[in-house]
Amino acid sequence: MSQPLVEYHSENHIATITMNDPKTLNAFSTPLKNAIMEALDQADQDADVRVIVLQGSNNNFSSGGHIGEMLENGMEPEALVAKLDFMLREVAEVSLKLRNIHKPIIAKLEGAVAGAGMNLALTCDFRIAADNAKFVQAFVNIGLIPDAGGIYLLNQLIGVAKTTELVMLGDKLTAEDVARLNLVNSVVSKDELDASVLALATRLSNLPGKALASMKHMINVHAFSGLNEALDMEIDQQTMMAKTADFAEGITAFMEKRKPVYQGK
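Quick caveat, the model's predicted, so the values are computed rather than measured. (Residues numbered from 1 in each chain as written. Predicted model: local features only at pLDDT ≥ 70, side-chain atom pairs only at ≥ 80, totals over all residues. Heavy atoms only, no water.)

Participant: Describe the sheet that holds strand 3 (residues 51-56), naming the residues involved and giving the relevant values.
Facilitator: What the six strands build is an open sheet, ordered 1-2-3-4-6-9; its pairing is mixed. Strands at the two margins of the open sheet, each flanked by one partner only, are strand 1 (6-11) and strand 9 (186-188). Along the sheet, successive strands turn relative to each other by an average axial angle of 20 degrees, direction set aside. Where strand 1 and strand 2 (residues 14-19) come together, six bridges link them in antiparallel fashion. Note that in strand 2 the partner of Glu7 across the bridge is Thr18. Contacting strand 1, strand 2 and strand 3, helix 1 (residues 30-45) runs over the sheet at an angle of about 15 degrees to strand 1. (Pairing = 2+ DSSP bridges. Helix = DSSP H or I, 4+ residues; strand = E, 2+ residues; numbered from the N terminus. Axes fitted to C-alpha atoms, helices over the stretch in contact; angles between N-to-C directions. Contact = heavy atoms within 4.5 Å.)

What follows is the structure, given as structure tokens:
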């Protein structure tokens, strides 16, 4: 029997949601998105759940958008734009859901934390990273702009100068690099990651839930009120980029390197 794309576990007021597509390093596909949304709804509606942990399986958080799905209808501009538009709306829905759930959400980060995966982590309330985590805003390498609210979230968290550097250069960052930018709450050894996340989740679960919910609401109003507009703008800009020669060249080169992964080899 095949494993579910998302695993859900609830214990001691903590719901753990695990993205489980290890062959693609938990790349963000439509089936994965649907399963994540179902798990988030479950955690949101369960009065016994006070804290949510979002993580990836097999020592990786997420490699970002599922490029194989993006190209499943071919490289013809019309088909590609339609598919990209659909996938962008899917990931935007998850970003909004992570902010609109008024329970603390912790992103447990290790291995690949790339593209949309990095941006979904930025949408969470807390981020704890293992020292083996690798972060990258890789979009520029395939001629696209960040999705899942990436530019907006980075600008809110670290300001325009560093945001520009991260998204325009697309450099790979270590956990210590992102810690210096204050993009994670702490960096721990890989062996300490589980215990550190559990300690934070347990501490949050013992605090007054209504106060935490009100705080998150206020943070949304003051820091993230423009997220909806930013996500809509991303969709417009991304679909324009999908028609360019830069994108066609970048995505072809990417797929040549990653073909064995998306073929499940």
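Participant: So what about the pattern of salt bridges? Which residues, and what values?
Facilitator: Side-chain pairs of opposite charge can arise whenever the charged atoms involved come near each other. Considering all chains together, one arrives at twelve salt bridges under this definition. The partner of Asp125 in a salt bridge is Lys216, and the shortest N-O contact between them spans 2.8 Å. Of the two residues, Asp125 sits in the loop between helix 4 (116-123) and strand 6 (126-130) while Lys216 sits in helix 9 (residues 209-223), which places them 91 residues apart along the sequence. Residue classification places Lys216 among the buried residues on the basis of a relative accessible area of 5%. Salt-bridge contacts for Arg180 lead to Asp177; the nearest nitrogen and oxygen are separated by 2.6 Å. Of this pair, Arg180 and Asp177 both sit in helix 7 (residues 175-180), three residues apart, which is roughly one turn of that helix. Note on Asp177: relative accessible area 23%, which makes it partly exposed. (Salt bridge = Lys/Arg side-chain N within 4 Å of Asp/Glu carboxyl O. Buried < 20%, exposed > 50% of the residue type's maximum accessible area, 1.4 Å probe, protein only.)

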